[in-house]
Amino acid sequence: MYILGIESSCDETAAAIVEDGKHLISNVISTSVKEQALYGGVVPEIASRRHAEYISATVQQALQDANMSIADVDAVAVTFAPGLIGAVLVGVNFAKGLAYGAGKPLVPVHHLRGHIAANYLTHPQLEPPFLCLVASGGHSHIVHVEDWCKYHVLGRTVDDAAGEAFDKVARTLGLPYPGGPSVSQAAKTGDPHYYKLPTPHVEGKYNVSFSGLKTAVVNEVHNAQQRGEEVRVADMAASFQERIAQILAKKLLAAAADTNAKTICLAGGVAANGRLRQLVNDGAQKLGAKVYLPELKYCGDNGAMIAAQGYYEFKDGNIADLTLNGLPTLAIDYR
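So, here is what we can say about the structure in this document.

Thresholds applied
Residues numbered from 1 in each chain as written. Predicted model: local features only at pLDDT ≥ 70, side-chain atom pairs only at ≥ 80, totals over all residues. Heavy atoms only, no water. Helix = DSSP H or I, 4+ residues; strand = E, 2+ residues; numbered from the N terminus. Buried < 20%, exposed > 50% of the residue type's maximum accessible area, 1.4 Å probe, protein only. Lys, Arg positive; Asp, Glu negative; His and termini not counted. Salt bridge = Lys/Arg side-chain N within 4 Å of Asp/Glu carboxyl O. Contact = heavy atoms within 4.5 Å. Phe/Tyr/Trp six-rings, centres within 6.5 Å; stacked < 30°, edge-to-face > 60°. Lys NZ or Arg CZ within 6 Å of the ring centre and 35° of its normal.

Observations concerning the side chain of Lys 251
Here Lys 251 shows up in helix α8 (residues 233–259). Despite its burial, Lys 251 pairs with no opposite charge, the nearest such side chain being Glu 203 at 9.7 Å. Residues in contact with Lys 251, not counting those within four places in the same chain, are Ile 142, Val 202, Gly 204, Lys 205, Tyr 206, Asn 207 and Val 208.

Structure follows, in structure tokens:
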């Protein structure tokens, strides 16, 4: 079964063809990230306009790369929530028109479910149940994936998401957007123990909080500037990365230990962070658990992950009609 996946929830316009939820046929991404970098982050109106400009050609390229036409596709899957609402609506409305015109089923896919499904593309042998940390620019969740379309949230951020904190810290340090890669690059030459950054307290055993950590970095930098001292950018980047990776890994591994999970996954943009991967790998070995990590190309937003999850949503009977609307927020366990 061939699923066409369409993703437009942030600043990547993406389309892909995936066979049976696990085998990539084609994957095309058009991004406005360089333009967004001029403003230090995503400008929703610019992202929406670029989606409208790119989406038709992006989908056509995905079909062409697969040597297929829309007639060869079994269903059209699209991210319908959560995300920047203007951006989401571009993808949803395009997918609705395409599915209707081609007489194909329309499959609504939750963005975070898509991130988790990126692991199926890298590891076709992976099957639920497993524990997954989904960490991205807008979300940080610890999720028990009970089945292909059944989820139970064990913990989440109570304020800033991990990726959002990376972006804000990068901006404070004068590093380019997106913050995750730029902070990670700067951290390579830094001392992760130079700055003593806090571990924010939060209610809920597996919940996380990054607002206070981000603020601590901002205050440290501003105080140094007011004293006329040089900010040690590499050391601050390394110290921040170490603290946020330790927090995420500790919470995930605690949840794994308490639930006796023997399979652990990472997903989302922050899953590309090397230090986080190392900490989770090391901790999982002590628990006797196996870790599955998505290929770096699947960590960011892409159409392949939407097509992959779309396959399982389709099999589960999750079919939408033309009243489908985009949503800015929606729980991963909405159905």
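Side note on the packing of aromatic side chains
According to the stated counting rule, one finds eight aromatic pairs in the structure shown. Taking the centre distance of 5.2 Å and the plane angle of 80 degrees together, the rings of Phe 166 and Phe 240 count as edge-to-face. Taken together, the residues span a long stretch of sequence, with Phe 166 in helix α5 (residues 162–172) and Phe 240 in helix α8 at a distance of 74 residues. An aromatic cluster is defined as three or more aromatic residues linked by ring pairs; in this entry it consists of Tyr 120, Phe 130, Trp 148, Tyr 311 and Tyr 312. The lysine or arginine in question, Arg 232, covers the ring of Tyr 194, its NZ or CZ lying 4.1 Å from the ring centre. Note that Lys 290 overlies the ring of Tyr 292, its terminal NZ or CZ placed 5.4 Å from the centroid.

A short note on unusual backbone geometry
Looking along the chain, the bond that leaves Ala 81 and enters Pro 82 is cis, with omega of -20 degrees. The topology assignment puts Pro 82 in the loop between β4 (75–81) and α3 (85–102). Here the amide bond leading from Tyr 177 into Pro 178 is cis, since omega sits at 0 degrees, within 30 degrees of zero. Mapping Pro 178 onto the fold places it in the loop between α5 and α6 (179–187).

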